[in-house]
Amino acid sequence: MREQYRSEDFTERDLSPDPMDQFARWFRQVAVGGVLYEPNAMIVSTATPDGRPSSRTVLLKQYDSRGFVFFTNYDSRKGRELAANPYVSLLFPWHPMARQVIVTGTADRVSREETVGYFRTRPHGSQLGAWASAQSTVAGSREELLTRYEELAARYPEGEKVPAPPHWGGFRVVPETIEFWQGHENRLHDRLRYVREGGAASGAAWRVERLCP
């Protein structure tokens, strides 16, 4: 199974000086085009301290000059792995546009204030779900999960304030590299990668390098 990618050239002169600005450009294009379902879906890859990897799809909820933010149960597999090994990779697979964005960096927990602020914006059912599921643990049955959810729904009916779980919150991925991948015919893809130079503080300098496809 093969697909010939047909698209415009993507060259160094097209790049923003800052990779987060460049990400914002591409994200706006995929978000407003209506081509992609959940364009903020990204694959988050983590690893144990001895190098055993795991990946899953998570929704990006915020990005700015500081990095990329997603939310999860801190006791989940990814939460536990990031606590032990903060190195992480993000992949945005924008296949209909023959594009990918690949991020490597480190993950840190966001502040509790940021977590609570975002939790308040979630639908009521999603707030209850964050309490009902002991994410990544073995469940006896789906009925057990539904029973737990129904108990919480009775305790916190629609319109009732649901507290943010202490074991739930955000991670911010601070990028060290961000690669923008544009597919082309004959597998002669454009791969332009920003590499952070200096510290992780906002405003650090970036070097751009072209990778062979």
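That block above? That's the structure.
All of the points below concern the structure found in this document. (Residues numbered from 1 in each chain as written. Predicted model: local features only at pLDDT ≥ 70, side-chain atom pairs only at ≥ 80, totals over all residues. Heavy atoms only, no water.)

### Thoughts on the pattern of salt bridges
Part 1 of the reasoning: The tally for this structure, following the rule as stated, stands at eleven salt bridges.
Part 2 of the reasoning: Here Glu12 and Arg210 are joined by a salt bridge, their closest N and O atoms 3.0 Å apart. Of this pair, Glu12 sits in the segment before α1 (19–32) while Arg210 is found in strand β9 (residues 205–210), placing the two residues 198 residues apart along the sequence.
Part 3 of the reasoning: Overall, the relative accessible area of 39% leaves Glu12 in the partly exposed class.
Part 4 of the reasoning: The partner of Asp64 in a salt bridge is Arg66, and the shortest N-O contact between them spans 3.0 Å.
Part 5 of the reasoning: Overall, the relative accessible area of 21% leaves Asp64 in the partly exposed class.
Part 6 of the reasoning: The class of Arg66 is partly exposed, set by a relative accessible area of 39%. (Salt bridge = Lys/Arg side-chain N within 4 Å of Asp/Glu carboxyl O. Helix = DSSP H or I, 4+ residues; strand = E, 2+ residues; numbered from the N terminus. Buried < 20%, exposed > 50% of the residue type's maximum accessible area, 1.4 Å probe, protein only.)

### Some points on the nonpolar core
Part 1 of the reasoning: One finds Phe23, Phe68, Leu90, Phe92, Trp94 and Val101 to be the most contacted residues of the largest nonpolar core, which totals 30 residues.
Part 2 of the reasoning: Among the elements that take part in this core, α1 stands out by supplying five residues, more than any other.
Part 3 of the reasoning: Apart from the residues lying within four places of it in its own chain, the contact partners of Leu90 are Met42, Ile43, Val44, Phe68, Val101, Ile102, Val103 and Val173.
Part 4 of the reasoning: Formed by 13 residues, the second largest nonpolar core is a distinct cluster that contains Val110, Ala132, Val162 and Trp168. (Core = buried A, V, L, I, M, F, W, Y, C linked by side-chain atoms within 4.5 Å. Contact = heavy atoms within 4.5 Å.)

### Quick word on the packing of aromatic side chains
The geometry of two aromatic rings is summed up by the distance between their centres and the angle between their planes.
Part 1 of the reasoning: Counted by the stated rule, this structure contains 19 aromatic pairs.
Part 2 of the reasoning: Ring geometry for Phe71 versus Trp168: centroids 5.5 Å apart, planes at 15°, classification stacked. On the criterion of sequence distance, the pair formed by Phe71 in strand β4 (residues 67–73) and Trp168 in strand β7 (residues 168–182) is long-range, its members being 97 residues apart.
Part 3 of the reasoning: Residue classification places Phe71 among the buried positions, given a relative accessible area of 14%.
Part 4 of the reasoning: Judged by its relative accessible area of 5%, Trp168 is buried.
Part 5 of the reasoning: In this structure, Arg109 packs its charged tip against the face of Tyr74, placed 3.6 Å from the ring centre. (Phe/Tyr/Trp six-rings, centres within 6.5 Å; stacked < 30°, edge-to-face > 60°. Lys NZ or Arg CZ within 6 Å of the ring centre and 35° of its normal.)

The values reported here are purely geometric and, on their own, carry no functional implication.
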